[in-house]
Amino acid sequence: MMKLVIALMLGLALGLPANAGTLTEQDLTTARELRERALECDGGFEIVADLTRRIGPRMAGTEADARAVEWAVELLQEIGFDRVWLEPVTFNTWHREFERVTVSAPGVAEQELVTLALGFTPATPAGGIEAELVMFDDLAALEAAAPEDVEGRVVFIRNRMERSRDGSGYGPAVQARSRGPQVASEKGALAMLIRSIGTSTNRFAHTGMTRFDTASRAIPAVAISNPDADQLERIFSLGGPVSVQVEVGAEYTEPYTSHNVIAEITGAESPEKIVALGAHLDSWDVGTGAIDDGAGIAIITEAARLILDLDERPRRSIQVIYFAAEEIGLLGGRAWAEKHHENFENYQLGAESDFGAGPVYEIAARVADEAWPVIEAIQRELEPLGIELGGREASGGPDFIPSLPYGLAVVDLKQDGTEYFDYHHTENDTLDKIDPEDLAQNAAAYAVLAWLAAQSPIDFGSGPQLIEELQ
Ligand SMILES: [Zn+2]
């Protein structure tokens, strides 16, 4: 017994792992210091304030996209990262000119709805499209409809997104936006309206992407605000025919090359091994992209800045990755996966912050079995921030999804998204929606995660074998 006590004391004194295969007391002490410092700092809020003030909306492929990349390089160099570099991402571009949707019905005054065209939908022919409007409860109802009930008409899908802390209402609801226009097109519809995929009751619309197969005919598709969707349902409830006039101005523009912006804190012992924190630099063309995803840019940058401020360098390298063109199809994330997957054995973890600025409440991780105790140890240091231990299912965030088939180990720091979808992809995504204290809690969580992942004596298991292991 005495021998064991002496051995334990010696272990502590020498800074050896405090419990089998995990982190040293010194590493844990530093993690606690990072956590406390992050909570006292407003450096993250300053970053997102500067991005939204000086660049504003920065849709992929616009002039503002280029300015955002310049802003990012300047910021990351100024903070003092050891290396800052760009990796090209080339894609087709689109821009919105205008949208105008007017509804009329017998005995109902003609009225204009508040709308936003969906990304990459085509313009209407000159003079717009005028047709009968046909309403469906959801995408499944549209899929089940006979083509003769759709052909030559404009389709309206009325399904409503449910509010929840984890944002789980988004996945089922967003099908109407991502697949609805193509299904409507295949059945011969002329255009499509969807109820906004968002939880706000304010009168603005939520835009977002939709997709058409190369073989199918693209049709103009427009999101209408939640109150306007309610109004449309009330007009339908009168029972008479409803007609609609849709005008969209939009343009497909030249292919454009933007950049993933990457900055590194080079590791002191194993610089080739990398902990990767992500966020996306692009935004939609409306609002100022404060919560989506200026907040994520601020959170990961502030976390890394606090680590750079330490007297010592982490054992492994820590990279922050500002992904390009997330909103229009995870294009920066796809380019990054293609470029780096052959080196995934060296990547420890990917974790992207892209869910606004609500506080983190849970850590979940997709890692090798032997690394799970390290995740548990990290969670114990996150506990004072109100962060619980979740399960072993994680995506790492949208831009790391293209890396999952190559076996990248990933962590989700799950944020409270109760209000996120009130603002998501709207004119109302602006800086005032960010609570500086919540933002600091996020930065604290990412700083603890990045530091301890960089110090962990155990690798997290990235690489093709992780796929088999977790099957
Ligand atoms: Zn986003």
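Residues numbered from 1 in each chain as written. Predicted model: local features only at pLDDT ≥ 70, side-chain atom pairs only at ≥ 80, totals over all residues. Heavy atoms only, no water.

### Considering the coordination of the zinc ion
The cut-off we apply is this: Donors, by definition, are the N, O and S atoms found within 2.8 Å of a metal, the threshold being 3.2 Å for Na, K and Ca, and water is not counted, so a site can look incomplete. In short, tetrahedral needs four donors with all angles between 85 and 135 degrees, square planar needs four and octahedral six donors with opposite donors over 155 degrees apart and all other angles between 65 and 115, and whatever is left is irregular. Runs of H or I in DSSP of at least four residues are treated as helices and runs of E of at least two as strands, each being numbered from the N terminus. Relative accessibility decides the category of a residue: with a 1.4 Å probe and only protein chains considered, values under 20% of the type maximum give buried, values over 50% give exposed, and everything between is partly exposed.
Every protein donor of the zinc ion is listed here as His280 (NE2), Asp292 (OD), Asp354 (OD) and Asp354 (OD), and their distances to the metal cover 1.9 to 2.7 Å. Around the zinc ion sit four donor atoms, and with donor-metal-donor angles ranging over 53 to 149° the site reads as irregular. All donors of the zinc ion come from a single chain, and their spacing in sequence reads H-x11-D-x61-D. Here the residue His280 occupies a position in strand β9 (residues 270-280), and Asp292 occupies one in helix α9 (residues 290-308), the gap between them amounting to 12 residues. Both residues of the pair, His280 and Asp292, belong to the buried class.

### Observations regarding the packing of helix α3 (residues 43-54) against α9
Selection criterion: Comment: axis = line fitted to C-alpha atoms, over the contacting stretch for helices; angle = value between 0 and 180 degrees taken between N-to-C directions. An angle below 35 degrees is read as roughly parallel, one above 145 as roughly antiparallel, one from 65 to 115 as roughly perpendicular, and any other as oblique. Crossings are classed by handedness, with left-handed meaning an anticlockwise turn of the near helix from the far one by less than a right angle and right-handed meaning a clockwise turn. Here a residue-residue contact requires only that any non-hydrogen atoms of the pair lie within 4.5 Å.
Two elements in contact, α3 and α9, have axes separated by 8 Å at closest approach and are oriented at 135°. Considering the angle they form, α3 stands oblique to α9. When you trace α3 past α9, the crossing you get is right-handed. Facing α3, whose interface residues are Gly43, Gly44, Ile47, Val48, Leu51 and Thr52, α9 presents Ala290, Gly294, Ala295, Ile297, Ala298, Thr301 and Glu302.

### Quick word on the environment of Gly407
With respect to the helices and strands, Gly407 occurs in the loop between β13 (388-389) and β14 (410-415). By relative accessible area, which is 2% here, Gly407 ends up buried. C-alpha of Gly407 to C-alpha of Ser456: the two residues are 49 residues apart in sequence and 19 Å apart in space.

### Re the pairing of strand β11 (residues 347-352)
Quick reminder of the rule: By this definition, two strands are paired if DSSP reports at least two bridges between them.
Here β11 lies mainly inside the structure; six of its six residues are buried. Sheet topology places β9 next to β11; five bridges connect them, and they run parallel. Residue pairing in the sheet places Gly278 in a bridge with Glu352 of β11.

### Section: the domain arrangement of the protein chain
Worth spelling out the cut-off: What fixes the domain bounds is an automatic or database domain assignment. A pairing counts as a salt bridge when a side-chain nitrogen of Lys or Arg comes within 4 Å of a carboxyl oxygen of Asp or Glu. Within 3.5 Å is the distance limit for a polar contact, defined as a pair of N or O atoms, with the added protein rule that one can donate a hydrogen and the other accept it, and that residues adjacent in sequence qualify only through two side-chain atoms.
Domains assigned within the protein chain are domain 1 (20-82 + 266-469) and domain 2 (96-250). The straight-line distance from the C-alpha centre of domain 1 to that of domain 2 is 35 Å. Between domain 1 and domain 2 we count two salt bridges in total. Taken together, the connections running from domain 1 to domain 2 amount to nine residue pairs in polar contact (both at pLDDT 80 or more).

### A word on the side chain of Thr301
By the element assignment, Thr301 lies in helix α9. Owing to a relative accessible area of 0%, Thr301 belongs among the buried residues under this scheme.

### So, the environment of Ile219
You can see Ile219 is positioned in the loop between β6 (191-195) and β7 (221-224). Sequence separation between Ile219 and Glu70 is 149 residues, and the spatial gap between their C-alpha atoms is 35 Å. Once residues within four sequence positions are removed from consideration, Ile219 is found in contact with Thr121, Pro122, Pro181, Ala184, Ser185, Ala189, Leu190, Ala191, Met192 and Phe212.

### Considering the pairing of strand β10 (residues 316-323)
Counting buried positions along β10 yields eight of eight residues, so the element is predominantly enclosed. Here strand β8 (residues 243-265) runs beside β10; their pairing, made up of five bridges, is antiparallel. Each residue of the ladder has a partner; that of Ala263, found in β10, is Val320. With eight bridges connecting them, β9 and β10 associate as parallel partners. For Val275, the partnering residue across the bridge sits in β10 and is Ile318.

### Some points on the packing of aromatic side chains
Rule in force here: Only Phe, Tyr and Trp rings are paired, with Trp represented by its six-membered ring, and only when their centres lie within 6.5 Å; those with planes under 30 degrees apart are stacked, over 60 edge-to-face, the remainder tilted. To sit over a ring, a charge needs its Lys NZ or Arg CZ within 6 Å of the ring centre and within 35 degrees of the ring normal.
One pass over the structure, following the stated rule, counts 14 aromatic pairs. Between the aromatic rings of Phe344 and Tyr347, the centroid separation amounts to 5.7 Å while the plane-to-plane angle is 70°, which identifies the pairing as edge-to-face. Looking at Tyr347, the relative accessible area reads 2%, which means it is buried. Here Tyr420 and Phe421 contribute two aromatic rings whose centre-to-centre distance is 5.0 Å and whose plane-to-plane angle is 75°, an arrangement assigned as edge-to-face. One exposure class covers both Tyr420 and Phe421, and it is buried. Three or more aromatic residues link up through ring pairs in this structure, and these residues are Phe323, Trp336, Phe344, Tyr347, Phe400 and Tyr406. The ring of Trp85 carries Arg83 above its face, with NZ or CZ at 4.1 Å from the centroid. Above the ring of Tyr361, the side-chain terminus of Arg165 is found at 3.5 Å from the ring centroid.

### With respect to the nonpolar core
Note the threshold: As used here, the term nonpolar core means buried Ala, Val, Leu, Ile, Met, Phe, Trp, Tyr and Cys residues forming a set that is joined through side-chain atoms within 4.5 Å.
Ranked by size, the top nonpolar core spans 103 residues in total, and within it Trp71, Val155, Leu281 and Tyr322 carry the most contacts. Discounting residues that sit within four places of it in the chain, Trp71 has contacts with Ile47, Asp50, Leu51, Arg54, Ile55, Leu281, Ile297 and Tyr322. In this structure, Trp94, Ile224, Ala229 and Val242 belong to the second largest nonpolar core, which totals 38 residues.

### What to know about helix α4 (residues 63-79)
Rule in force here: Helix span, expected: 1.5 Å multiplied by one less than the number of residues in the helix. To be clear, the arc concerns the directions from the helix axis to the C-beta atoms.
Look at α4: 25 Å from first C-alpha to last across 17 residues, which is about the 24 Å you get at 1.5 Å a residue. Within α4, burial applies to Ala64, Asp65, Ala68, Val69, Trp71, Ala72, Leu75 and Leu76. Looking straight down α4, one finds that the buried residues subtend no more than 165° of arc, so they occupy a single side. Turned more than 90 degrees off the buried face of α4, the exposed positions are Glu63, Glu70, Gln77 and Glu78. Buried residues belonging to α4 abut α3, β1 (83-105), β8, α9 and β10. Backbone geometry just downstream of α4 places Gly80 in the positive-phi region, at approximately 105°.

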